[in-house]
Amino acid sequence: QVQLVESGGGLVQPGGSLRLSCAASGNIFSIYAMGWYRQAPGKQRELVAAITSGGSTHYADSVKGRFTISRDNAKNTVYLQMNSLKPEDTAVYYCNADVTPRWAPRDDYWGQGTQVTVSS
């Protein structure tokens, strides 16, 4: 199976920064795209940012100019640099990957989530 492990979450004051990391491991043949979703209490899960293996990126309007997604394809790792954090960024952040495993069909895989709390 494929596993995604997130790290880098925590408590930060408004205006601060955090960098999230997500590493995929297992019987992976290739990963087409990786991204970050977030879900706050009482809200739907939303796409924050995504990046393809070729480097194309997408950002939610709410984070444009503040967040930057990047990846290391050789390490099957994606990063999310979050600057100028706001209280409304508080959520559980989930890593997602579009994975083609060696012995299974292409599918989406999810990490367990990492808590980001922005509060003074």
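To start, this report covers the structure provided alongside it.

Cut-off values and rules
Residues numbered from 1 in each chain as written. Predicted model: local features only at pLDDT ≥ 70, side-chain atom pairs only at ≥ 80, totals over all residues. Heavy atoms only, no water. Salt bridge = Lys/Arg side-chain N within 4 Å of Asp/Glu carboxyl O. Buried < 20%, exposed > 50% of the residue type's maximum accessible area, 1.4 Å probe, protein only. Helix = DSSP H or I, 4+ residues; strand = E, 2+ residues; numbered from the N terminus. Pairing = 2+ DSSP bridges. Disulfide = S-S within 2.5 Å.

As enumerated under the stated definition, the model contains five salt bridges in all. Lys64 is the salt-bridge partner of Asp61, the closest N and O atoms lying 3.1 Å from each other. Residue classification places Asp61 among the exposed residues on the basis of a relative accessible area of 66%. Note that Asp89 and Arg66 form a salt bridge whose closest N and O atoms lie 2.8 Å from each other. Linking Asp89 in the loop between strand E8 (77-82) and strand E9 (91-101) with Arg66 in the loop between strand E6 (57-59) and strand E7 (67-72), this pair joins segments that are 23 residues apart in sequence. Considered together, Asp89 and Arg66 belong to a single accessibility category, that of buried residues. Taken together, the salt bridges that share partners define one network made up of Arg38, Glu46, Arg66 and Asp89.

What follows deals with the pairing of E8. Along E8, five of the six residues are buried, which leaves the element largely enclosed by surrounding structure. As paired strands, strand E3 (residues 18-26) and E8 are joined by six bridges and run antiparallel to one another. If you follow Ala23 over to E8, its bridge partner there is Thr77. In terms of strand pairing, E7 meets E8 through six bridges, oriented antiparallel. The residue of E8 that forms the bridge with Thr68 is Gln81. A loop of four residues connects E7 with E8, the two strands running antiparallel in sequence, and Asn76 in this loop sits at a positive phi of about 50°.

Moving on: the state of the cysteines. One covalent bond between the sulfur atoms of two cysteine residues makes up a disulfide. One pass over the full model with this rule turns up one disulfide. At a sulfur-sulfur separation of 2.0 Å, the disulfide partner of Cys22 is Cys95. Sign of the S-S torsion, about -85° for the bond between Cys22 and Cys95, identifies this disulfide as left-handed. Remark: Cys95 occurs in strand E9 and Cys22 occurs in strand E3; sequence separation between them is 73 residues. Comparing Cys22 with Cys95 shows no difference in burial state: the two are buried.

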